[in-house]
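Survey of secondary and tertiary structure
The primary structure of each chain is shown beneath.
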Amino acid sequence: MNDISLAKQLTRCPRADTSVDVDIPLDRFDSELHPLLTGCATLAPYLAALITKEADWLVEAVEAPQRALADILAAPKSLQADTLNTGLRQGKRRVALLGALADLGGAWSLEQVTGALTDYADAATQAALRVAVAAQIKRGKLPGLREEDAVTGGGMTVLAMGKMGAGELNYSSDIDLICLFDETCYEVDDFQEARAGLIKATRAMAASLSEITGDGYVFRTDLRLRPDPAVTPVCVGLVAAERYYESLGRTWERAAYIKARPCAGDIAVGETFLQTLRPFVWRRHLDFAAIQDAHDMRLAIREHKGLGGSITLPGHDMKLGRGGIREIEFFTQTRQLIAGGRDPDLRVRGTKDGLAVLTAKGWVPKDAAGALSEHYTFHRTVEHRLQMVRDAQTHTLPQSPKGMARIAALMDMDVAALEGELHTRLSAVHEITEGFFAETRVTPQVEVSHEFDTSVTDAWHSYPALRSERGAKLFQKLKPELLARLEQADKPDEALLAFDGFLSGLPAGVQLFSLLKANPQLADLLINIVSVSPMLAAHLSRNAAVLDAVIGGDFFAKWPGQDALAEALADRLAASDDYETQLDGTRAWAREWHFRIGVHHLRGLTDGAGAAEQYSDLARAVLRALWPVVIAEISRRNGPPPGKGAVIVGMGSLGAGRLTAQSDLDMIVIYDADGVDASDGPRPLPARQYYARLTQAMITAMSAPMAQGRLYELDLRLRPSGNKGPVATSLDAFASYQKEEAWVWEHLALTRAEVVAGPQDLAEAVEALRAEILQKPRDLADVCTQTAQMRARIAAAKSSEGILDSKIGAGRLQDIELFAQAGTLIGGVVARDIPAGLAAARAAGLLDAKGEQILTDAYARLWALQSATRLLSSRPLDLGALRLATRRFLLHAMDLPSENDTTVDLEAQLTQTYAAADATISAALAPYANGGS
């Protein structure tokens, strides 16, 4: 980029005060700059002094401003103890002067001005720290360090906070710094001495920056944002700081760390520390409780500073006053805190950058974000003009007409135009931001006419979720609206009891109540869930954070499919290299998707078959994404898998792609060592032992209880020899067993098998073997005889648990599936679905067209019932005891009319379905029931 002279870049100019005489060397500058220099000098005494003092330098700087800025920023690197104070103050004068002229002349944008000031603050802080640490090293106060270690701060890192951290410093900003040191840089015996030396270095650094000398000052430096500043030294150990934030950190400190950035010392140490603090700053859940915290801070500032009331321009605080800069910053940072834990893209430091990404992600309307961004630029520009006058850290508009006229002239505006624009913009900011903080809005009064059982509602205050003062206060505001929504249910008293069951199981309430308060539409969904599905309600009470996903933007979007899910989870896993974090993160991720499927099913957005496919997609995606992670963890100790690796074969419902909300995962692991005897790693293992350990690690990864619960229960009993056999089976052993030893029931199980994770070439080999076994010619009588015997054994061993148990019993799901699998085996069919098996049974002469249709229809209806009941409860359901909302859901799920809500119709329908299916299967197998042919 060409370095164009400042005179060629001017687009505006301050209006000079002709009543003021100034003595600046105008004749040394290009005539095109005279109006700019005269305006600066007559309106801002501080700038007049700088122009005079730095005239020799400025003559050259205005000809190549970018090179001049680069020289200013580079100069601190060469400063030593005897030149530091003078050199830093000269640099500050020059960057302030160059920035002011470029700003007032319209050559630089706001971002360029604040960026230049921030870059100099970084360079100055680094130089001051380097010199201070070097002095302590020279005195022997930092044991084990050499002179060159001063460049990286002797184990110290300095975090730039606030506007400096965001690259948004203004002309007279304080700089807020947090100084930390890495305790591991020093031996235990040297720790106290080193700590004392670093504290002295920190104080010396701050003094170099902030003390006023004959050359002025560099930056007023504030070290009070550190943990518990009243009792901690100016330089705090990393471990102590981390413990503080984990146990005592407050919301305002979380907000402060949005802008935090390492600026001096050991930058890598600072970056690592910020990574460590991520869980503190960015909560996993949508943190709507932060809204109230931010609002409380706003009100506290207003009260402390006496800044409440309407907007009156004379003396108005452009930073803290109504409609001011802080309002925009609070609005932006609070939105970032709400969702930044779930979306890393929101973790940006700058205010305008934050507004832009919040808009892109749908958290702030485009017009509101655009307006706030423009207002922010204007507010900051006015703030700069206020501070240019006398280099004062002020944010208040002048009280006098003369003072306002001065600011208007610096803005190149008429006084009336400036005042009108100020009032319009301040009012607009207040209107936009105030509407976000719900506490300032009047809550509409809600009328509840139904007389609810007060013995139920009176007990609520004793529930865990309402025991905290804040939780109780939030709920008290929500209660009228919740009761009004419960009143709208067909049976309000049933709905109340359902909600009471949910509330009693909720361990904490602040986050959920804050979420409902900010998103009232969620109350309808919550009441719908607790009224219809006790199981989903219980899950929600234990995992209320899953409601975050509902307002995440795509909760009600089209189902993404297995591949997209697996890719999304793989990306999430790749973001962390900590194994336990990966496993816990997978649990949280899967739980949200599992909840989404349940809600979609509950609300009729998908049917039982669709839900079955989605639950299967989710389980398979988890297995696909987690399998490589578990392999990598084992490989770290024992080397990569020997041979061609291993695949996970889904069996039963997993293999068939039909899971319910409560399904375990039936699977087996097949490996191919390909002649390799052992793994090659730090601790090699024989191939068989390696794959057994890998399989066990996968079982643990999936089913071990962790902070985020379990993923799935795994069942590997369908492997060769069942529980007596090895947990992982070699491909050769599996082939030999299936071809020579397997029982017919094991081949029946193979009809639903499918590889769901692992290397493609091995997956193809397993599928080819499966096809070979299934397509082997079968004796119809033998298969039917054994099927009939298995059917009899199952009937003797298990009985149904009521009319709504659609799985166990004659003519029910398991019975139809067994018969269809027999048809698949007899017909040599490789398809895994039940209709294909029934079609094969018909082709073999076991069924006629009517019988096939009876079983196909029964299976569809019973699967719809099974999918629905598994969503409702983990226990057997009593049809007569179901709530009205639950009965209606079941009827809708089975595509039956729900106008008549009696239980007789449903019971009759199911009885007829079971009997027809039982009769059809019994007739087909009757010739073989006693071993006949």
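Residues numbered from 1 in each chain as written. Predicted model: local features only at pLDDT ≥ 70, side-chain atom pairs only at ≥ 80, totals over all residues. Heavy atoms only, no water.

What follows deals with the overall build of the protein. Along its length, the protein carries 38 helices and 10 strands. The buried share of the protein, taken over its 933 residues, is 54%. Counted over contacts in the protein with a minimum sequence separation of 6, partners at least 24 positions apart contribute 74%. Counting only carbon and sulfur atoms, one obtains 50% of the accessible surface of the protein, whose full area is about 39900 Å². Charge separation in the protein, taken as the distance between the mean sites of 98 positive and 119 negative side-chain charges, equals 2 Å. (Helix = DSSP H or I, 4+ residues; strand = E, 2+ residues; numbered from the N terminus. Buried < 20%, exposed > 50% of the residue type's maximum accessible area, 1.4 Å probe, protein only. Contact = heavy atoms within 4.5 Å. Areas by Shrake-Rupley, 256 points an atom, 1.4 Å probe, with all protein chains shown as cover. Lys, Arg positive; Asp, Glu negative; His and termini not counted. Charge placed at Lys NZ, Arg CZ, Asp CG, Glu CD.)

Looking at where Gly561 falls in the secondary structure, it is placed in the loop between helix 24 (534-542) and helix 25 (562-574). Residue class for Gly561 comes out buried when judged on its relative accessible area of 17%. In the structure, Gly561 is positioned 56 residues away from Asp617 in sequence and 6.5 Å away in space, judged by C-alpha atoms.

Before going further, it helps to spend a moment on the pairing of strand 2 (residues 175-181). Within strand 2, 6 of the 7 residues are buried, which leaves the element mostly enclosed by the surrounding structure. Across 5 bridges, the pairing between strand 1 (residues 156-160) and strand 2 is antiparallel. Residue pairing for strand 2: Ala160 is matched across the bridge by Leu177. By the bridge criterion, 2 bridges tie strand 2 to strand 3 (residues 221-222) in an arrangement that is parallel. Considered in strand 3, the bridge of Asp176 is made with Asp222. Pairing between strand 2 and strand 4 (residues 235-237): 3 bridges, direction parallel. Among the inter-strand pairings, Cys179 is bridged to a residue of strand 4, identified as Cys235. (Pairing = 2+ DSSP bridges.)

This paragraph deals with the environment of Asp571. Relative to the elements of secondary structure, Asp571 occurs in helix 25. According to the relative accessible area criterion, Asp571 is exposed, its value standing at 51%. Note: C-alpha distance between Asp571 and Ala625 (54 residues apart in sequence) is 9.0 Å.

A separate point is unusual backbone geometry. In this model, Asp391 sits at a positive phi of 55°, which is unusual for a non-glycine residue. With respect to the element layout, Asp391 can be found in the loop between helix 16 (366-388) and helix 17 (401-410). The phi dihedral of Asp412 falls on the positive side, at around 60°, and the residue is not glycine. Topologically, Asp412 is positioned in the loop between helix 17 and helix 18 (415-434).

On to the packing of aromatic side chains. Summed over all chains, the structure comprises 13 aromatic pairs. For the ring pair Tyr245 and Phe280, a centre distance of 5.3 Å and an interplane angle of 35° mean the geometry is tilted. Taken together, the residues Tyr245 in helix 9 (residues 238-248) and Phe280 in helix 12 (residues 278-281) connect sequence positions 35 residues apart. Relative accessible area serves as the criterion here: at 2%, Tyr245 is assigned to the buried category. One aromatic cluster in this structure is built from Trp460, Phe475, Phe499, Phe502 and Phe513. Its end group placed over the ring of Phe219, Lys92 keeps NZ or CZ at 4.3 Å from the ring centre. Over the ring of Phe378 we find Arg425; its NZ or CZ atom is 4.6 Å from the centre of that ring. (Phe/Tyr/Trp six-rings, centres within 6.5 Å; stacked < 30°, edge-to-face > 60°. Lys NZ or Arg CZ within 6 Å of the ring centre and 35° of its normal.)

So, about the pattern of salt bridges. This model, assessed by the stated rule, comprises 35 salt bridges. Where Asp103 meets Arg385, a salt bridge forms, and the shortest distance between an N and an O atom there is 3.0 Å. Taken together, the residues Asp103 in helix 5 (residues 84-104) and Arg385 in helix 16 connect sequence positions 282 residues apart. Take Asp103: its relative accessible area is 5%, and that puts it in the buried class. A relative accessible area of 1% means that Arg385 is categorised as buried. (Salt bridge = Lys/Arg side-chain N within 4 Å of Asp/Glu carboxyl O.)

What follows covers the packing of helix 26 (residues 579-602) against helix 27 (residues 608-638). Two numbers describe how helix 26 lies on helix 27: the axes approach to 10 Å, and their chain directions differ by 175°. Our classification of the angle between helix 26 and helix 27 gives roughly antiparallel. Contacts from Tyr579, Gln582, Leu583, Thr586, Trp589, Ala590, Trp593, His594, Ile597, Gly598 and His601 of helix 26 reach helix 27 at Gly608, Ala611, Gln614, Tyr615, Leu618, Val622, Leu626, Val629, Val630 and Glu633. Here the residues of the contact of helix 26 with helix 27 sort into 13 nonpolar, 7 polar and 1 charged. (Axes fitted to C-alpha atoms, helices over the stretch in contact; angles between N-to-C directions. Parallel < 35°, antiparallel > 145°, perpendicular 65-115°, else oblique. Nonpolar A, V, L, I, M, F, W, Y, C, P; charged D, E, K, R; others polar.)

Core analysis: the largest hydrophobic core is formed by 156 residues, its most contacted members being Trp460, Phe499, Phe513, Leu626, Met702, Leu804 and Phe819. It is helix 27 that provides the largest number of residues to this core, a total of 15 residues. With sequence-adjacent residues up to four places away left out, Met702 is seen in contact with Arg587, Val622, Leu623, Leu626, Leu665, Arg710, Leu711, Tyr712 and Leu714. Judged by nonpolar contacts, the second largest core, of 96 residues, contains Trp57, Ala100, Leu177 and Ala201. (Core = buried A, V, L, I, M, F, W, Y, C linked by side-chain atoms within 4.5 Å.)

What follows covers helix 32 (residues 760-774). Helix length check: helix 32 (15 residues) gives 21 Å between terminal C-alpha atoms against 21 Å at 1.5 Å per residue, within 8%. Three or more residues of helix 32 are buried, namely Leu762, Ala763, Val766, Leu769, Arg770, Ala771, Ile773 and Leu774. Elements in contact with the buried residues of helix 32: strand 6 (645-650), strand 7 (665-672), helix 30 (731-740), helix 31 (744-750), strand 10 (754-757) and helix 34 (813-827). (Expected span 1.5 Å × (residues − 1).)

Right, let's get into the state of the cysteines. Per the stated rule, a full pass over the model turns up 0 disulfides. Free of any disulfide, Cys40 has its nearest neighbouring cysteine sulfur in Cys13, separated by 7.3 Å. Free cysteine Cys179: the closest other cysteine sulfur is in Cys235, separated by 5.9 Å. The buried category is assigned to Cys179, whose relative accessible area is 1%. (Disulfide = S-S within 2.5 Å.)

Before going further, it helps to examine the pairing of strand 7. When you tally the buried positions in strand 7, you get 7 out of 8 residues, the bulk of the element. Relative to strand 8 (residues 714-715), strand 7 runs parallel, the two being bridged by 2 bridges. What sits directly across from Leu665, in strand 8, is Leu714. Read from strand 7 through helix 29 (residues 687-703) to strand 8, the crossover connection turns out right-handed. (Right-handed = clockwise from strand over helix to strand, strands pointing away.)

Bringing the environment of Gln90 into the picture now. Structurally, Gln90 is set in helix 5. On the basis of relative accessible area, Gln90 is assigned to the partly exposed category, the value being 31%.

Taken residue by residue, the protein gives an average pLDDT of 89. The fraction at 70 or more is 93%. Confidence drops under a pLDDT of 50 for residues 438-443, and excluding neighbours within four residues, the segment shows 9 contacts in the predicted structure. (pLDDT = per-residue confidence, 0-100.)

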